[in-house]
Amino acid sequence: MTIFLLYSAVTAGTGHALVQQLGINGGVLCPNDDIDLLIRWGSSAAVAKTPKKVLNKKESIILAANKLNSLLKLQADGVPVPKVVPLAELPTLTLAAAEQRGLRYPFLARTPHHSRGRDILLCLQNKDLVRALRWGKSFLVEYISTDREYRVHVFGDEIIRTSQKVLMSRDDYLPYMRNDDHNHTFRNPRKPLTDTEKAVAIKAVKSLQLDFGAVDLVIGDNGNPYVLEVNTGPSLIEIGVDIYKKKFQEIIQKVST
């Protein structure tokens, strides 16, 4: 049986680790061979021949990677997400126009394709909306006052791992930037997810028609959950690689029998 794990240049670190752990072939380019099982780890690259089975289809990864379209899809499917408004839909670049669409300052201006929050423009005044359009931003998204944030790894109907983002130091602290560039890291959850919050994460992955994904889920100061995005090729530490390895092995076993 031929199995291939297809990763991108961005997801190559974890993708290569999974290939090594599983003892299968993998890379950023798929060979022109017949493939029984193709695992896409954050890659939407084309393949020459249609595999017999695919985990995370190309179209779903493309949708998840477009943060505007994925938020709109999640919203349409009843998944709780921050309010989102395409800039092109505002009749004027003013707070009044944004408020008519349910947004109040502060909110964030973003681009459809981004990573690590480097595209974020914090909007506090009308001039920021003008700058957002001038600087190539395409949509506005509500800023959620956040009590805590999780990375929830979903595989099918199951949550296989949950981590919580924790601030490690006050250096370079920005409340709307919670990543390792700004001294946040993932740790074991200080407060476990409720059944309702778990259900939201699973629903988000299903909404985007993914077989697996890592959901960035925040719990607002109001106690409500919100999905920020779904990652299709998350960076994993050793324990995370081992967990995904076991789930992929289960699929491989089913396909081979």
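This report concerns the structure included in the present document. (Residues numbered from 1 in each chain as written. Predicted model: local features only at pLDDT ≥ 70, side-chain atom pairs only at ≥ 80, totals over all residues. Heavy atoms only, no water.)

## A short note on the packing of helix α2 (residues 58-65) against helix α3 (residues 67-76)
Packed helices, taken two at a time, are described by their axes: the angle between them and the distance between them.
Then step 1. Where α2 meets α3, the closest approach of the two axes is 5 Å, and the angle between their N-to-C directions is 100°. As judged from the angle between their axes, α2 and α3 are roughly perpendicular. The residues of α3 that touch α2, namely those facing L63, A64 and A65, are K67, N69, S70 and K73.
Then step 2. A class-by-class count of the residues in the contact of α2 with α3 yields 3 nonpolar, 2 polar and 2 charged. (Axes fitted to C-alpha atoms, helices over the stretch in contact; angles between N-to-C directions. Helix = DSSP H or I, 4+ residues; strand = E, 2+ residues; numbered from the N terminus. Parallel < 35°, antiparallel > 145°, perpendicular 65-115°, else oblique. Contact = heavy atoms within 4.5 Å. Nonpolar A, V, L, I, M, F, W, Y, C, P; charged D, E, K, R; others polar.)

## Section: the sheet that holds strand β7 (residues 121-123)
Then step 1. Ordered by their spatial adjacency, 4 strands build an open sheet running β5-β8-β6-β7, and the pairing between neighbours is antiparallel. Of all the strands in the sheet, the pair left with one neighbour each is β5 (84-86) and β7. Averaged over neighbouring strand pairs, the angle between their axes works out to 25° when direction is ignored.
Then step 2. Strand direction decides the pairing type here: strand β6 (residues 107-110) and β7, joined by 3 bridges, are antiparallel. In the sheet register, L108 faces β7, and the bridge partner there is L122.
Then step 3. Across the sheet, α3 lies against β5 and β8 (139-142), angled at about 130° from β5, the strand it touches most.
Then step 4. Across the sheet, helix α5 (residues 126-134) is in contact with β6, β7 and β8; its angle to β7 comes to roughly 150°. (Pairing = 2+ DSSP bridges.)

## Structural notes on unusual backbone geometry
Then step 1. At the junction of Y105 and P106, the peptide bond is cis and its omega measures out at -5° in the coordinates.
Then step 2. Here N56, not a glycine, exhibits a phi torsion of approximately 70°, which is positive.
Then step 3. Looking at the element boundaries, N56 is found in the loop between β4 (53-55) and α2.
Then step 4. Not every positive phi belongs to a glycine, and Q209 is a case in point at roughly 55°.

## Regarding the side chain of N56
Then step 1. For N56, a relative accessible area of 0% translates into the label buried.
Then step 2. A polar contact of 2.6 Å, which involves the side chain of N56, links it to the backbone nitrogen of D211.
Then step 3. A polar side-chain atom of N56 sits 3.1 Å from the main-chain carbonyl oxygen of F212.
Then step 4. Here N56 is in contact with R40, I61, L210, D211, F212 and T232, once residues within four sequence places are set aside. (Buried < 20%, exposed > 50% of the residue type's maximum accessible area, 1.4 Å probe, protein only. Polar contact = N/O pair within 3.5 Å; in protein donor to acceptor, adjacent residues only side chain to side chain.)

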